[in-house]
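# Residue-level structure breakdown
Next come the chains, spelled out residue by residue.
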Amino acid sequence: MDSDSDPFDYGLLEGGDDSSSEASLDEAEEEDDNSSSEASVDNQEEDWLADLQRIRENNSITSRIHGRGEHNFLHNMTDEEWEELGRDMSNNTHLEDVHLDDGALNDHKISFLFRGLTKSNSIEDINFCSNALSVQGVRSMVPFLQNAANFSSMYLVYNNLLSEGFNELFRALRNNPIEILNCSYCGICSIQIDIASFPRNLTYLMLNGNKISTDGCRVLAKLLQEEDSTLAHLQLRKNKIGDEGVAILVDALKNNKSLGTLDLRGNDGISKQGQILLLKLVNDISCIKATLQSNHTLRYLNDKCIIRDGYPLNVDEEIQKEINFATKINRNHDGNPDAAGREKVIQTQLHSVRRSELADLQGVDHSVFSEIGALQLPEVLALVGRSHGQGELYVALKSVVMGLFSSVNMIECIQQERDFHAAKVEELDAKLATMKEAAVAVRNQVDMVFQSNKRRRQT
């Protein structure tokens with residue numbers, strides 16, 4: 001497993017439970033001995049019937065019911081038997097897990113099952129993957145979903161919910177305590193849900209393999225911008241998301257404090273521009289303040305897989321590598337964003353090689369030391385030496401010295417310009433004084449002529 005991949009990405013989330021391994025084991029046994037396989041099927045039917053009896057009796061031995069479409073005895077059940085099973089499940093106080101997948105159900109069967117199953121105080125987990133369920137199947141489940149007091153997870157992978165079914169499902173879950181919802185590969189294009197309809201405890205939302213685009217990102221962004229958002233894990237792998245959708249999600253996540261995982265792998269519309277937005281979300285290298293204000297909550301942020309072990313990385317993989325570096329710091333300081341921000345400054349802003357790589361990717365062309373005041377420089381340089389060694393300290397000192405020389409040169413230029421303008425001022429002052437003297441002389445001459453004419457008129 002990739003150390004930069006979310007461990008919750010594996011196991012139940014993508015396809016339901018461990019039934020695929022059980023199916024593989026059954027197939028191997030069938031190849032070895034057909035008679036043994038037939039006996040196994042008989043045993044499975046006996047186990048199924050025994051589970052149904054214990055559920056009816058509210059026997060605490062059975063807390064899980066599991067059936068697959070390959071089991072013919074499920075297909076032989078009548079509508080009345082499905083409805084009776086639903087009533088027994090509704091009255092049972094020990095049943096926790098209901099796994100009926102891979103064709104065990106359809107819209108017709110589920111309508112009868114949930115005609116009887118309208119409430120439960122014990123059922124926590126439902127797995128109805130790969131049953132071709134549509135919006136009609138969702139509507140059949142609504143009464144149960146509104147009256148399931150301890151419900152926590154629902155897996156509907158590989159069904160035909162489409163946008164209408166997903167939106168109705170969400171509305172039905174409005175006051176449900178559900179924490180995990182997986183509707184991957186269900187043909188969902190648009191998300192049209194009221195923010196108030198968002199389940200208040202939903203933590204994990206998996207929507208891989210759908211057709212969600214920019215409009216869907218806008219709705220999800222609104223959910224992420226809520227102050228009391230509980231969503232910690234969002235999978236949007238293999239959808240129709242492009243750079244515009246990424247920009248919307250990034251903007252929503254700048255101040256989000258709940259989401260720890262965002263998986264966008266397989267969205268071919270995300271270009272280098274979108275990847276850079278994701279990188280800047282978790283580590284904006286444009287200035288120290290921007291780094292400190294980056295997202296320090298995301299623990300896993302995946303857009304590309306890095307599979308070139310030992311080979312040079314392409315640009316996409318380089319960006320993902322830097323994203324992984326930033327999110328690893330977030331994981332190391334989980335719950336302490338101030339410490340994560342400080343660590344990012346030390347490990348990226350104050351490390352010449354890594355900062356150079358990040359600056360090239362993000363289009364930053366100024367030295368970090370230009371942001372640091374003279375009084376803080378000694379402390380910062382000491383920090384560079386302690387954190388990265390003498391080599392990095394030398395690089396930092398050289399950068400600082402060049403900056404100081406640049407400042408000295410600027411001072412000299414300003415002084416020269418000041419002296420030039422001072423000389424011009426003196427020159428202009430002299431011209432102004434001459435003009436004033438000339439004006440006074442003219443005024444005196446005019447006064448003399450005026451006085452002479454006045455005396456002549458009097459005589």
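None of these values were measured; they are calculated from a predicted model. (Residues numbered from 1 in each chain as written. Predicted model: local features only at pLDDT ≥ 70, side-chain atom pairs only at ≥ 80, totals over all residues. Heavy atoms only, no water.)

### Describing the overall build of the chain
Regarding its fold elements, the chain presents 17 helices and 9 strands. Evaluated residue by residue, the chain yields a buried proportion of 45% over its 459 residues. Across the chain, contacts joining residues at least 24 apart in sequence account for 78% of those joining residues at least 6 apart. By element, 50% of the accessible surface of the chain is carried by carbon and sulfur atoms, the whole surface being about 24000 Å². (Helix = DSSP H or I, 4+ residues; strand = E, 2+ residues; numbered from the N terminus. Buried < 20%, exposed > 50% of the residue type's maximum accessible area, 1.4 Å probe, protein only. Contact = heavy atoms within 4.5 Å. Areas by Shrake-Rupley, 256 points an atom, 1.4 Å probe, with all protein chains shown as cover.)

### Focus on the pattern of salt bridges
If you walk through the whole model with that rule in mind, you get 17 salt bridges. Taking the shortest distance from any N to any O, the salt bridge between Arg218 and Asp215 comes out at 2.6 Å. Residue Arg218 and its partner Asp215 are both found in helix α9 (residues 214–225); the two are separated by 3 residues, about one turn of the helix. Note that Asp334 and Arg299 form a salt bridge whose closest N and O atoms lie 3.5 Å from each other. Residue Asp334 is located in the loop between α13 (315–332) and α14 (337–349), and its partner Arg299 is located in the loop between α12 (288–292) and β9 (300–302); the two are separated by 35 residues in the primary sequence. Of the residues examined, Arg299 reaches a relative accessible area of 28% and is grouped as partly exposed. It is possible to trace a salt-bridge network through shared partners that takes in Arg68, Glu70, Asp101 and Asp102. (Salt bridge = Lys/Arg side-chain N within 4 Å of Asp/Glu carboxyl O.)

### Focus on the environment of Val246
Position of Val246 relative to the elements: it lies in helix α10 (residues 243–253). Here Val246 falls in the buried class, since its relative accessible area comes to 0%. Residues Val246 and Leu264 lie 18 residues apart in sequence; the distance between their C-alpha atoms is 9.0 Å. Those residues within four positions of Val246 in sequence are excluded, and the remaining contacts are Ile241, Leu264, Ile270, Gly274, Leu277 and Leu278.

### Some words on the nonpolar core
Residues Phe128, Met154, Leu181, Cys183 and Leu236 are the most contacted members of the largest nonpolar core, which totals 86 residues. Leaving out residues up to four positions away in the same chain, Cys183 has contacts with Leu156, Leu161, Phe166, Leu169, Ile188, Met206, Leu207 and Asn210. Formed by 11 residues, the second largest nonpolar core is a distinct cluster that contains Ile288, Val345, Val380 and Leu383. (Core = buried A, V, L, I, M, F, W, Y, C linked by side-chain atoms within 4.5 Å.)

### Points about α13
End to end, α13 covers 26 Å across 18 residues, agreeing with the expected 26 Å (1.5 Å per residue, within 8%). Residues Glu317, Ile319, Gln320, Glu322, Ile323, Asn324, Ala326, Thr327, Ile329, Asn330 and Arg331 constitute the buried set of α13. Where the residues of α13 are buried, they touch α11 (272–282), β9, α14 and α15 (352–362). Where α13 starts, the residue carrying a side-chain oxygen 3.1 Å from the main-chain nitrogen of Asp316 turns out to be Asn314. (Expected span 1.5 Å × (residues − 1). Polar contact = N/O pair within 3.5 Å; in protein donor to acceptor, adjacent residues only side chain to side chain.)

### Comments concerning the sheet that holds strand β3 (residues 125–127)
With parallel pairing, the 9 strands of this open sheet are ordered in space as β1-β2-β3-β4-β5-β6-β7-β8-β9. In this open sheet, the two strands that pair with only one neighbour each are β1 (64–68) and β9. Between one strand axis and the next, the sheet turns through 5° on average, direction left out of account. Note: strand β6 (residues 204–206) against strand β7 (residues 233–235), 3 bridges, orientation parallel. Bridging from a neighbouring strand, Leu205 pairs with Leu234 of β7. (Pairing = 2+ DSSP bridges. Axes fitted to C-alpha atoms, helices over the stretch in contact; angles between N-to-C directions.)

### Points about the packing of aromatic side chains
Applying the stated rule across the entire model yields 7 aromatic pairs. Aromatic pair Trp48 and Phe73: ring centres 6.1 Å apart, planes at 40°, arrangement tilted. Taken together, the positions of Trp48 in helix α3 (residues 34–57) and Phe73 in helix α4 (residues 72–75) put the pair 25 residues apart, joining distant regions of the chain. For Phe73, a relative accessible area of 10% puts it in the buried group. Ring-pair connections join several aromatic residues into one group, and the members of that group are Phe114, Phe128, Phe144 and Phe151. (Phe/Tyr/Trp six-rings, centres within 6.5 Å; stacked < 30°, edge-to-face > 60°.)

### Section: the pairing of strand β2 (residues 97–101)
Within β2, 4 of the 5 residues are buried, leaving the element largely enclosed by the surrounding structure. Taken together, the 5 bridges between β1 and β2 define a ladder with parallel strand orientation. The partner of His66 across the bridge, within β2, is His99. Taken together, the 3 bridges between β2 and β3 define a ladder with parallel strand orientation. The partner of His99 across the bridge, within β3, is Asn127.

### Regarding the confidence of the model for the chain
For the chain, mean pLDDT is 85; residues scoring 70 or higher make up 82% of the total. In the predicted structure, residues 10–33 sits below a pLDDT of 50 and forms 41 contacts with residues beyond four places in sequence or in another chain. (pLDDT = per-residue confidence, 0-100.)

### Some remarks on the packing of helix α7 (residues 135–145) against helix α8 (residues 162–172)
For the pair α7 and α8, interaxial distance at closest approach is 9 Å and the crossing angle is 5°. Classed by the angle they form, the pair α7 and α8 counts as roughly parallel. Across from Val135, Val138, Arg139, Val142 and Leu145 in α7, the residues of α8 making contact are Glu164, Gly165, Glu168, Leu169 and Ala172. By residue class, the composition of the contact of α7 with α8 is 6 nonpolar, 1 polar and 3 charged. (Parallel < 35°, antiparallel > 145°, perpendicular 65-115°, else oblique. Nonpolar A, V, L, I, M, F, W, Y, C, P; charged D, E, K, R; others polar.)

### Here's the deal with unusual backbone geometry
A positive phi is found at Tyr158, a non-glycine position, where the angle reads about 60°. Relative to the elements of secondary structure, Tyr158 occurs in the loop between β4 (153–155) and α8. Phi is positive for Leu162, close to 60°, though the residue is something other than glycine. Residue position: Leu162 is located in helix α8. Looking at Leu162, the relative accessible area reads 48%, which means it is partly exposed.

### A look at the side chain of Asn239
On the secondary structure map, Asn239 appears in the loop between β7 and α10. Residue Asn239 is classed as buried on the basis of its relative accessible area, which comes to 6%. At 3.0 Å, the side chain of Asn239 forms a polar contact with the backbone oxygen of Leu207. In this structure the side chain of Asn239 is engaged in a polar contact, spanning 3.1 Å, whose partner is the backbone oxygen of Leu236. When near neighbours in sequence (up to four residues on either side) are disregarded, Asn239 contacts Leu207, Asn208, Gly209, Asn210, Lys211, Ile212, Gly266 and Asn267.

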